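Listed below, chain by chain, are the residues.
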Amino acid sequence: MAKTETVLISGMEAIGWGAIHADCQAYFGYPITPQSEIPEFMSREMPKLGRIFLQTECELAASGMVYGAALTGVRAMTSTSGPGFSLMQEFISFMTSFECPAVMVNVVRGGPGTGGITAAQTDYHQATKGGGHGGYRCIVLAPASVQECFDLTQLAFHLADKYRIVTIVLTEAAVGQSLEPVELRTLDFGPLPEKDWAVRGRFQREGKKQTMPLSKIWISYVGFHQEQIEKYQRIKDSEIRYRTYQVEDARLLLVAYGYVARMAQEAVSMARAQGLKVGLLRPITLWPFPSEAIKEAASRIGKVLVVEDSSGLMVEDVESAVQGQVPVYLLGCWGRNVSTAGGIIYAERILEEVKSLS
Amino acid sequence: MKKEAPAKKVICTIPRLHDGWMLAFAPWCPGCHIGIINRLLCEVMEELGIQDRAIGVMGLGCSAAITPSIDTDRVWTPHGRELVVASAVKRCVPESVVYSTVGDGALLAIGSGHFLNTTARGEKITVIFVNNGGYSRTGGQVAPTTLAGMKSTTTPYGRDPQVTGFPLHAAEIAAMMKGVAYSVRGTVHTAANYQRAKRAIRTAFQKQLDKIGFSLVEILSACPINWQLNPVDCLDFIDKWMIPEFPLGEFKNVDSIDYSFDPELTKLGMVIRERPAG
């Protein structure tokens, strides 16, 4: 896989290619719209490479098998959408207690409940605040293009192994089903710690006992949580990622992620053409959240407009970042072109909102 | 003059595979049969020489506590997800020997969907199912295996089949599945049955070592605390009430499973939408 090639693929195929380039050895999944293209892709490509693909009996089993596979030291992943992601929370919580690295992809659909099957950003809290029981965090990466789907999936595997944490790729149908040219190449993020905790039978460790028969939480409850807090701090210190677009002279700061950030970037260009000084800050890691960067930019610019395709979830993190120093406005799912589940927020609507605030 | 027979010296031994340190996590009550089953597993694994290849998958509960008391590699799972994790471990490390000890709730209630699908897929794992007719570790609630009419802490007036249904039969269900190589029900409440149970566990592991298919050993076990009986009366209870509902015996024992299919069918079905990459 050393050679570089450019292909026209969808965001979900890009996630699949990213996993394959990241040496993902096992994929487990269950069909759910709008992410069924990922298990379809993996069922086609993984057997060709002698790797494991299995469609399980439910999403819960899929995440359970990811846990089992990851414990043996191989890279494993699953993908799902909203309702399936709720089912997977049991094992995400469990993997956290065993510090088991894994990659989960959530191609978000509008919720709650069965909701819609098209693009939405309603699972923000569930992904970034620890969706299962026990109070934990997962690294959350939000791609805004098909190339990023490919790159961030590879990064997700690296970060999962580096910090022994569950990493979530949070995307939605708009990015996942878009076709864009993608440069396929294997990314190297540097060395990783050896997986000396992997459970593969004693014969593979020269008879030595395994190091991780128990969760640390059973040995020392407070000690476990302290270690987690330290780990989260290390991640916050070095893994925050975001992009800015024309923020230098802006008078209004847009904050958006995923497909909405693409629309917001378009809106910034349209506003600039009309003489409105607008900039965009796009978080790539939703957890750890780029709070410092937003605080710094917001206090300089003086006004923030959060655009997200939900009832207003990320806006809480932005408000927490700016600490009430500047006004924070929100354009949520009411900014969709149509009021049905099939609507999306277009750049023109964001521009309208920008104009009303300028 | 009648001579008194010299007192026999009884030597208590602990199986080599028994993990003393982990025993702290597995306190079984006096008169419980799970300790016996634990011993059988240790002995069989030692005799087969599979300690270094074995990976135990443990959930939560009295039956699940067998696995931590056996000195092999092991992984922990949430309650009821043992078969899911065991399947993945076996697929990722095919040369390992994966075993799991599960209870009534894990196999037949919360994990029943996983049980059906794992057996249907013919996962090459060995499952020891301890059937003691209730949820023991949580204090004696009704389980899918609780006998009709029997009292539990959540059926205080007795289990009414019109409300909570009839007992589930794991060994018979498994025997119906094509992917299952071996399915048997035994007990350890008499010396003869103890020997049979040991043979059954050995055969179950052998089916996995021979890469044939899924193997299940269901063992009826006493629960003196929740049955509110003394250990000796528990043996009578098994004879009088458990065995009529859960008959002992081999329900399936095959040396090969036919995994073939008609190639004609591979030409039918959904068309693969393949876009060339590059």
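Just so it is clear, the structure is predicted and the values come from calculations on it, not from any experiment.

Calculation rules
- Residues numbered from 1 in each chain as written.
- Chains lettered and ligands numbered in written order.
- Predicted model: local features only at pLDDT ≥ 70, side-chain atom pairs only at ≥ 80, totals over all residues.
- Helix = DSSP H or I, 4+ residues; strand = E, 2+ residues; numbered from the N terminus.
- Rg over C-alpha atoms; globule rule 2.2 N^0.38 Å.
- Buried ≥ 20, exposed ≤ 12 C-beta atoms within 10 Å, placed from the backbone.
- Contact = placed C-beta atoms within 7 Å.
- Nonpolar A, V, L, I, M, F, W, Y, C, P; charged D, E, K, R; others polar.
- Pairing = 2+ DSSP bridges.
- Axes fitted to C-alpha atoms, helices over the stretch in contact; angles between N-to-C directions.
- Core = buried A, V, L, I, M, F, W, Y, C linked by C-beta atoms within 7 Å.
- Domains from an automatic or database assignment.
- Right-handed = clockwise from strand over helix to strand, strands pointing away.
- Parallel < 35°, antiparallel > 145°, perpendicular 65-115°, else oblique.
- Left-handed = near helix turned anticlockwise from the far one by under 90°.
- pLDDT = per-residue confidence, 0-100.
- Expected span 1.5 Å × (residues − 1).

1. Considerations on the overall build of chain A
Helices and strands together make up the secondary structure of chain A, namely 13 helices and 14 strands. For a compact globule of 358 residues, the expected C-alpha radius of gyration is about 21 Å, and chain A comes in at 20 Å, within 12% of that figure. Principal-axis analysis of the C-alpha atoms places the extent of chain A at approximately 70 × 45 × 40 Å. The buried share among the 358 residues of chain A stands at 53%.

2. Focus: the overall build of chain B
Of regular secondary structure, chain B possesses nine helices and seven strands. For chain B, whose C-alpha radius of gyration is 21 Å, the value lies close to the compact-globule estimate of 19 Å for 278 residues. If one aligns the C-alpha atoms of chain B with their principal axes, the spans along those axes are about 95 × 50 × 35 Å. For chain B, the residues scored as buried account for 50% of the 278 residues in total. Relative to all contacts within chain B whose residues are 6 or more apart in sequence, the contacts with residues 24 or more apart total 68%.

3. Description of the environment of Pro 143 of chain A
Take Pro 143 of chain A: it is sitting in the loop between β6 (139–141) and α6 (146–163). Separated by 114 residues in the primary sequence, Pro 143 of chain A and Tyr 257 of chain A place their C-alpha atoms 7.8 Å from one another.

4. Focus: the interface of chain A and chain B
Contact residues are listed per partner, giving 28 residues for chain A and 27 residues for chain B. Among the elements of the structure, β1 (5–10), α3 (59–71) and α4 (82–97) of chain A are those that each provide at least two residues to the side of chain A that touches chain B. For the side of chain A that touches chain B, the element with the most residues is α3 of chain A, which contributes seven residues. Residues that form the side of chain A that touches chain B fall into these classes: 15 nonpolar, seven polar and six charged.

5. Remarks on the sheet that holds strand β10 (residues 252–255) of chain A
Residues and elements named next belong to chain A. What the five strands build is an open sheet, ordered β9-β11-β10-β13-β14; its pairing is mixed. Each edge of the open sheet is held by one strand with a lone partner, namely β9 (242–245) and β14 (328–331). Taking each pair of neighbouring strands and ignoring which way they run, the sheet shows an average axis angle of 20 degrees. Strand direction decides the pairing type here: β9 and strand β11 (residues 278–283), joined by four bridges, are antiparallel. Residue pairing in the sheet places Tyr 245 in a bridge with Leu 280 of β11. Contacting β9, β10, β11 and β13 (304–307), helix α10 (residues 258–273) runs over the sheet at an angle of about 165 degrees to β11.

6. Points about the nonpolar core
Grouped together as the largest cluster of nonpolar side chains are 192 residues, with contacts concentrated most on Ala 102, Leu 253, Leu 254 and Ala 264 of chain A together with Val 89 of chain B. When residues are assigned to domains, this core turns out to be shared by domain 1 (5–238) and domain 2 (243–357) of chain A, each giving three or more. Non-local contacts of Ala 102 of chain A, meaning those with residues more than four positions away in its chain, are made with Val 66, Tyr 67, Ala 70, Ala 76, Met 77, Met 95, Ala 160 and Val 166 of chain A.

7. Observations regarding the pairing of strand β4 (residues 76–80) of chain A
Residues and elements named next belong to chain A. Within β4, five of the five residues are buried, which leaves it mostly tucked inside the rest of the structure. Alternating residues of β4 divide into Ala 76, Thr 78 and Thr 80 and Met 77 and Ser 79, and every residue in both groups is buried. Where strand β2 (residues 26–29) and β4 come together, two bridges link them in parallel fashion. From the neighbouring strand, Tyr 27 faces β4, where its bridge partner is Met 77. Between the parallel elements β4 and strand β5 (residues 102–108), the chain passes through α4 in a crossover that is right-handed.

8. Structural notes on the pairing of strand β2 (residues 73–76) of chain B
Residues and elements named next belong to chain B. Along β2, one buried face is formed by Asp 73 and Val 75 and the opposite face, lined by Arg 74 and Trp 76, is buried too. Summarising the sheet, strand β1 (residues 54–58) and β2 pair through four bridges and their orientation is parallel. Residue pairing for β2: Gly 56 is matched across the bridge by Arg 74.

9. Digging into the domain arrangement of chain A
All names here are of chain A. When its domains are assigned, chain A resolves into domain 1 (5–238) and domain 2 (243–357). The gap between the C-alpha centroids of domain 1 and domain 2 is 28 Å. Contact with domain 1, which involves 26 residues of that partner, is made by 21 residues of domain 2. For the side of domain 1 that touches domain 2, the secondary-structure elements that each account for two or more residues are α5 (124–128), β6, β7 (166–172), α7 (173–176) and α9 (221–238). No other element matches the four residues that α5 contributes to the side of domain 1 that touches domain 2. The residue makeup of the side of domain 1 that touches domain 2, split by class, is 14 nonpolar, nine polar and three charged.

10. Describing the sheet that holds strand β3 (residues 52–55) of chain A
Whenever strands of a sheet pair, they do so through backbone hydrogen bonds, lying parallel or antiparallel. All names here are of chain A. Taken in spatial order, the seven strands of this open sheet run β3-β2-β4-β5-β7-β6-β12, and their pairing is mixed. The outermost strands of the open sheet, each flanked by one partner alone, are β3 and β12 (285–287). When the angles between neighbouring strand axes are averaged without regard to direction, this sheet yields 20 degrees. Pairing between β2 and β3: four bridges, direction parallel. Its bridge partner being in β3, Gly 29 is matched across the sheet by Gln 55.

11. Some thoughts on unusual backbone geometry
For residues that are not glycine, phi is negative in most cases, and the peptide bond is trans in most cases. Residues and elements named next belong to chain A. Backbone torsion omega between Thr 33 and Pro 34 reads 5 degrees, so that peptide bond is classified as cis. Tracing the backbone through its elements, the reader meets Pro 34 in the loop between β2 and α2 (37–45). Cis geometry is adopted by the peptide bond preceding Pro 288, which originates at Trp 287 and carries an omega value of 0 degrees. Phi is positive for Glu 99, close to 50 degrees, though the residue is something other than glycine.

12. Describing the packing of α3 of chain A against helix α2 (residues 82–92) of chain B
At a closest axis distance of 7 Å, the pairing of α3 of chain A and α2 of chain B adopts a crossing angle of 45 degrees. With respect to α2 of chain B, the axis of α3 of chain A lies oblique. Considering how the two elements wind past one another, α3 of chain A and α2 of chain B form a crossing that is right-handed. Counted together, Ala 61, Gly 64, Met 65, Tyr 67, Gly 68, Ala 69 and Leu 71 of chain A of α3 of chain A and Val 84, Val 85, Ser 87, Ala 88, Val 89 and Cys 92 of chain B of α2 of chain B form the full contact between these two elements.

13. Things to note about the confidence of the model for chain A
Counting all residues, the mean pLDDT for chain A is 94, and 99% of those residues have values of 70 or more. The least confident element of chain A, judged by mean pLDDT, is helix α8 (residues 216–219) of chain A at 84; the most confident is β6 of chain A at 98.

14. Some thoughts on the environment of Pro 191 of chain A
All names here are of chain A. Structurally, the position occupied by Pro 191 is in the loop between β8 (179–184) and α8. The class for Pro 191 is exposed, based on 7 C-beta atoms found within 10 Å. As a C-alpha pair, Pro 191 and Ile 240 span 49 residues in sequence and 19 Å in three-dimensional space.

15. Some remarks on the packing of α2 of chain B against helix α4 (residues 112–121) of chain B
All names here are of chain B. Relative to each other, α2 and α4 sit at 35 degrees, their axes nearing to 8 Å. On α4, the residues touching Leu 83, Val 84 and Ser 87 of α2 are His 114, Phe 115 and Thr 118. Class assignment for the residues of the contact of α2 with α4 results in three nonpolar, three polar and no charged.

16. Quick notes on α10 of chain A
Taking 1.5 Å of rise per residue, the 16 residues of α10 of chain A would be expected to cover 22 Å, and the 23 Å separating its terminal C-alpha atoms lies within 8% of that figure. Those residues of α10 of chain A that fall on the buried side of the exposure criterion are Gly 258, Tyr 259, Val 260, Ala 261, Met 263, Ala 264, Gln 265, Ala 267, Val 268 and Ala 271 of chain A.

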